[in-house]
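# Breakdown of the fold
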Amino acid sequence: MAVDAFFDGLSIAIGPEALLWLTVGLLLGIVLGALPGIGSPVGMAIVLPLTLPLESTMALILLIAIYSGAMFGGSIAAILINAPGTESAAATTLDGYPMSKNGLAKNALAIATTASALNGFLAAIILLLISPVLIQVVLAFGSPEYFLLAILGISLITIVTQGSIVKGLVAGALGFMISTIGTGILSPRPRYTFGQFGLYDGIDFVAALIGMFAFAEMMKLAAKSQIAEADVSLGGSIKEGVRTVFKYPKTTVKSGLIGMGIGMIPGSGATTSTFVAYAEEARSSAKDGRFGEGDPRGVIAPEAANNPTVSGSLIPTLSFGIPGSGSTAVLLGGILMHGLQPGPVLFDEQLQITYALFISLFLGNVLILAVGLTVIPYASRLTELDTNVIIPAVVVLSFAGAYTLNQNWFDVMAVVVLGVLGFYMVQYNYSVIAFVLGIVLGPIAEENFFRSLQISGGDYAIFVDPLNRPLSFLLSVLILLILVGPFLKPYLERKIDRV
Amino acid sequence: MSTKERFDGVTAEQVMLLALIGLSAVFLIEPIVQDYPADARVFPQMMAGVVFVGCVLLLIQDYLPGPLRTFVAEDMSVTTADDSILDDQEETVEEEETTTEERPPRLGEEYGYGVNDTVFMVVMSVLYLAAGWAAGFLFVTLPFVWAYTTWFRIRWYVGLGLAVFATAIVWFFMEFLILPFDQGEIFDFSPFLPFVLEALWFVSPELAGSVAAVRARVI
């Protein structure tokens, strides 16, 4: 069955329509990623409502292509003007910008393109190879496990992202809370609508995504009043840059594996993976490295890690509905918006869609290499765009997009309200991803919570029963360990030292 | 202590936490007042409980006893382990970023109105939303983008081009996704739209021709 699904997926992915959306998405992603302050989650959130008329697989291919393209595009601004287009490109600035200042901008951009595409390519192959194992894991999950998995996802995010655990939990619970506005899931009764007909369908999670990512990001951009106008000179050689990547195969492969591994952890995302890959490279090459002064390995490591993070983060997103990053949270929004359910169905009845996405990712990385190396000579033009030109355009698209979802003004208002909330949440280290995850997963978590209680006849022990539901028990223990672990760690270390 | 001094110490985070406490209280009380059935009540109340307790703890964190305070206030991140290697380099990057940042004067500053850029952006967006709701996005997009770019002293032709482009996007939304962006909840200017297109004919017959062709194809 998996083989049939693979070939079905292949025929979808290499079809003319899929290739068209893949190319459009990649180009759009590169442009959006290269614009400081936009990046992949913002770009994907704006485009999400526009995918409504598209067939679901095509819409997801477009979104994944934007994600992949933005990963590469983010490095353009990072290398040329020291302002990462995406957060994931922040680590690239450390050596990419010094390389640019040393007259090697083309080398740095070619390194970023090649390392990014090469590892994205390898990660897509790994993803295809491990998917049969994933199917078995996913099928072992029932209602209690799904509920606990949603809680585990938020718990993981609280310790992976910056800030206190309480802040993370508040953000996640707030998201869950907001998701309950509207008609109840089990008994069709309006909740928290206060007589407003427009709230009967609740706040659309896509509008929430647009608010938390696009509008909040524009507020941040306006606050910075950063104008990306700089003297950009494109010196160096593209060929030499490509060759440099092959000079350091160990760095390339190791960073790619780090990227994919970290991508699989919910909440960690490409920002974490790129910095970990950079730090590991700086540590292992400490003897001969000139990190921070334009060492090419300082560009290879983060760039080789960022695209495999996309593949890695697709694993928890598609198999369990737990996004690994802001961008995969938007992607999850897209999956749900198009009527698909992450989990067993995507790995069973709709396996061909999953394979089509993986194959598109593979093809996308081939395109990144071709397109990326071609656009390098023109890359500097993108970075010269004034951010005050970007802001009103994004606001117009965000509002029009939010209204498109349900033709409901409450969704547009939610963009502004949640955008302002998101802005302050970021400022005070509250996890926006935990909040978004709460909103997106809220209905799924609530439904599985009640289904679990129905199975157990209202007994909460179903979540911690080691004999009948060992997986639930394991997940509950994991949640507890994740939340309490960081506080027990110093105490246990002291105890071990004494012994 | 004067009222002003008392409010000077209040941070935006505290205001946000107070708002969230109020919101979670509504989520806790409303199901009781409106007598929601159990399956509609338990989950939101559970989550509102977490938000309420969490926000109260965060608000009073300075007055909490030692271990509890650590739990509430301390940053716990498994990704901070590698910071030692990166700290110095990140500092240099930030220094460079601040030196390259330049802020040209805003239009209002000429007339003595110094408005914070973020506040301006939010206020303009809210006005745009309100005007869009009242009169339809199609008619208010052009003045919104034009006013925004003029405030930030973007070159007039760039601002005008962007405003026309943004209006065209709204128009495409309206035509292709059949959205009533030409009708507001208070004002309905849609009957005047054919006259606008006719007026466009005088400005640019080619552009008006292509607009008409697209409209004919869609409709």
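Residues numbered from 1 in each chain as written. Chains lettered and ligands numbered in written order. Predicted model: local features only at pLDDT ≥ 70, side-chain atom pairs only at ≥ 80, totals over all residues. Heavy atoms only, no water.

The name given to chain B in an unreviewed UniProt entry is Tripartite tricarboxylate transporter TctB family protein, with Halalkalicoccus tibetensis as the source organism.

In the annotation of an unreviewed UniProt entry, chain A is listed under the name Tripartite tricarboxylate transporter permease and assigned to Halalkalicoccus tibetensis.

### Some points on the confidence of the model for chain B
Residue and element names in this part refer to chain B. A residue-level look at chain B finds 77% of positions with pLDDT of 70 or above and a mean pLDDT of 80. The lowest-confidence element of chain B is helix α5 (residues 83-100), averaging 46 in pLDDT; the highest-confidence one is helix α2 (residues 12-33), averaging 95. For the stretch residues 79-100, pLDDT sits under 50, and the model shows 27 contacts to residues farther than four places along the chain or on other chains. Overall fold confidence for the complex sits at a pTM of 0.80, while the interface term, ipTM, reaches 0.83. (pLDDT = per-residue confidence, 0-100. Helix = DSSP H or I, 4+ residues; strand = E, 2+ residues; numbered from the N terminus. Contact = heavy atoms within 4.5 Å.)

### Let's talk about the pattern of salt bridges
Residue and element names in this part refer to chain A. Within this structure, the stated rule accounts for 13 salt bridges over all chains. Across the salt bridge formed by glutamate 145 and arginine 469, the nearest N and O atoms sit 3.2 Å from each other. With glutamate 145 in helix α7 (residues 143-160) and arginine 469 in the loop between α19 (432-456) and α20 (470-498), this pair connects stretches of sequence that are 324 residues apart. Across the pair lysine 254 and glutamate 281 runs a salt bridge whose closest N-O atoms are separated by 3.6 Å. One end of the pair, lysine 254, is in helix α11 (residues 249-263); the other, glutamate 281, is in helix α12 (residues 269-284), and 27 residues separate them in sequence. Under the relative-accessibility criterion, lysine 254 is labelled partly exposed at 22%. Within the structure, one salt-bridge network assembled from shared partners comprises Lys254, Glu280, Glu281 and Arg283. (Salt bridge = Lys/Arg side-chain N within 4 Å of Asp/Glu carboxyl O. Buried < 20%, exposed > 50% of the residue type's maximum accessible area, 1.4 Å probe, protein only.)

### Structural notes on the nonpolar core
Buried together is how nonpolar side chains tend to be arranged in soluble globular proteins. Within the largest apolar cluster, 203 residues are counted, with the highest numbers of intra-cluster contacts made by A:Phe399, A:Met425, A:Phe435, B:Met121, B:Tyr128, B:Phe137 and B:Phe181. Not counting chain neighbours up to four residues away, the residues in contact with A:Phe399 comprise A:Phe215, A:Val412, A:Val415, A:Val416, B:Ser125, B:Tyr128, B:Leu129 and B:Phe137. Among the nonpolar cores identified, the runner-up in size contains 7 residues, and A:Ala90, A:Leu94, A:Tyr278 and A:Phe291 belong to it. (Core = buried A, V, L, I, M, F, W, Y, C linked by side-chain atoms within 4.5 Å.)

### Looking at a nonpolar patch on the surface
All names here are of chain B. A cluster of nonpolar side chains, namely Trp133, Ile186, Phe187, Phe189, Phe192, Phe195 and Val196, defines an oily patch on the protein surface of about 710 Å² accessible area. On the secondary structure map, phenylalanine 187 appears in the loop between α9 (156-176) and α10 (193-203). Looking at phenylalanine 187, the relative accessible area reads 43%, which means it is partly exposed. (Patch = residues over 30% accessible without salt bridge, like charges linked within 9 Å, V, L, I, M, F, W, Y side chains within 5 Å. Areas by Shrake-Rupley, 256 points an atom, 1.4 Å probe, with all protein chains shown as cover.)

### Side note on the side chain of A:Asn307
Residue and element names in this part refer to chain A. Inspection of the secondary structure puts asparagine 307 in helix α13 (residues 297-320). Assessed through its relative accessible area of 2%, asparagine 307 is described here as buried. Among the polar contacts made by the side chain of asparagine 307, one reaches the side chain of serine 116 at a distance of 3.4 Å. Excluding anything up to four places from it in sequence, asparagine 307 contacts Ser68, Met71, Ser116, Ala117, Gly120, Asn365 and Ile368. (Polar contact = N/O pair within 3.5 Å; in protein donor to acceptor, adjacent residues only side chain to side chain.)

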